[in-house]
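# Summary of structural features
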Amino acid sequence: AQSVTQLGSHVSVSEGALVLLRCSYSSSVPPYLFWYVQYPNQGLQLLLKYTSAATLVKGINGFEAEFKKSETSFHLTKPSAHMSDAAEYFCAVSDRRTSNTGKLIFGQGTTLQVKP
Amino acid sequence: DGGITQSPKYLFRKEGQNVTLSCEQNLNHDAMYWYRQDPGQGLRLIYYSQIVNDFQKGDIAEGYSVSREKKESFPLTVTSAQKNPTAFYLCASSIRGEQYFGPGTRLTVT
């Protein structure tokens, strides 16, 4: 069965430092991949998505992610953290074979803390 | 302004009572979803619907029920059979595999 693993439930960085949030998936067929952000007591907002075009995907708020098939990874990065980036981040995957259902499998989430 | 609305934002109920959470979308999306979110457990799929008058169980459907009488609406009922109903509930709709989320309803049952 399809699964998503986010390494690290909590990540802490200093303001201005590199942000790296890790996501790995299990699938024999490259899936569609997504990163969402959630601020406290709010819904999820799409940051970026990979659907088989360019392997380096640029999203909103300066975030980007690189799809690496050989590593089955889709890590999220941002060169310089801002205090407003503090939130919970979710990686999600959609199996191409069942993508017509729109179902997503979510990772457990990573809470990003940004220290001044 | 297109989007998904969930109401109310906060909901309090006594144990043993059924409660219905509202989800409305004006995005003209066919598919809609309900998730439950608990701390440290990510999002778990309760029910989803790909078309009006049709819906399927997700991973944790026990103790929940849904209906899909209109394209715009996908209400979720948390029944008294749900053992641990206190949680944050998120509704979503999708098009071309991309899901859009509502603001969520935080349900507290005491």
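Below you will find a few notes about this structure. (Residues numbered from 1 in each chain as written. Chains lettered and ligands numbered in written order. Predicted model: local features only at pLDDT ≥ 70, side-chain atom pairs only at ≥ 80, totals over all residues. Heavy atoms only, no water.)

## Some words on the pattern of salt bridges
Definition in use: In what follows, salt bridge is the name for a side-chain nitrogen of Lys or Arg lying within 4 Å of a carboxyl oxygen of Asp or Glu. Three labels apply to residues, based on accessible area from a 1.4 Å probe with only protein chains included: buried if under 20% of the type maximum, exposed if over 50%, partly exposed otherwise in between.
Per the counting criterion, the structure on display carries six salt bridges over all chains. A salt bridge links A:Lys58 to A:Glu64, with the shortest nitrogen-to-oxygen separation between them at 2.8 Å. Since its relative accessible area comes to 61%, A:Lys58 is described here as exposed. Among the salt bridges present, the one from B:Asp38 reaches B:Arg36, with a minimum N-O distance of 2.7 Å. What you see here is one network of salt bridges that share partners, running through B:Arg36, B:Asp38 and B:Arg44.

## Some details on the interface of chain A and chain B
To keep things clear, this is the line we draw: Note on contacts: a residue pair qualifies if any of its non-hydrogen atoms lie within 4.5 Å across the two residues. When two components associate, each loses some accessible surface as probed by a 1.4 Å sphere; the sum of these losses over both components is called the buried area.
Opposite the 19 residues of chain A that make contact, chain B presents 22 residues. Both faces combined, the contact of chain A with chain B buries some 1600 Å², and carbon together with sulfur accounts for 48% of it. Three residues stand out in chain A for area buried against chain B, namely A:Asn41, A:Lys103 and A:Phe106, and they jointly supply 30% of the buried area on that side. Taken together, chain A and chain B are joined by one salt bridge. Between B:Glu98 and A:Lys49 there is a salt bridge, with its nearest N and O atoms 2.3 Å apart.

## Observations concerning the side chain of B:Asp38
All names here are of chain B. What counts here: Secondary structure follows DSSP: runs of H or I at least 4 residues long count as helices, runs of E at least 2 residues long count as strands, and numbering of each begins at the N terminus. In the analysis that follows, any N or O atom pair within 3.5 Å is treated as a polar contact, provided that within protein one partner can donate a hydrogen and the other can accept it, and provided that, for residues neighboring in sequence, both atoms belong to side chains.
Checked against the element boundaries, Asp-38 lands in the loop between β4 (31–37) and β5 (43–51). Asp-38 gets classed as buried once you look at its relative accessible area, which sits at 12%. At 2.7 Å, the side chain of Asp-38 and the side chain of Arg-36 are in polar contact. A polar atom in the side chain of Asp-38 sits 2.8 Å from the side chain of Arg-44. Each residue touching Asp-38, except ones within four places of it in the same chain, is listed here: Arg-44, Thr-86 and Ala-87.

## Here we look at the environment of B:Leu21
Residues and elements named next belong to chain B. Position of Leu-21 among the secondary structure elements: in strand β3 (residues 19–25). Residue classification places Leu-21 among the buried positions, given a relative accessible area of 0%. Considered as a pair, Leu-21 and Ala-31 are ten residues apart in the sequence and their alpha carbons are 17 Å apart. Dropping the residues within four chain positions of it, Leu-21 is found in contact with Ser-7, Leu-11, Trp-34, Pro-75, Leu-76, Val-78, Tyr-89 and Thr-105.

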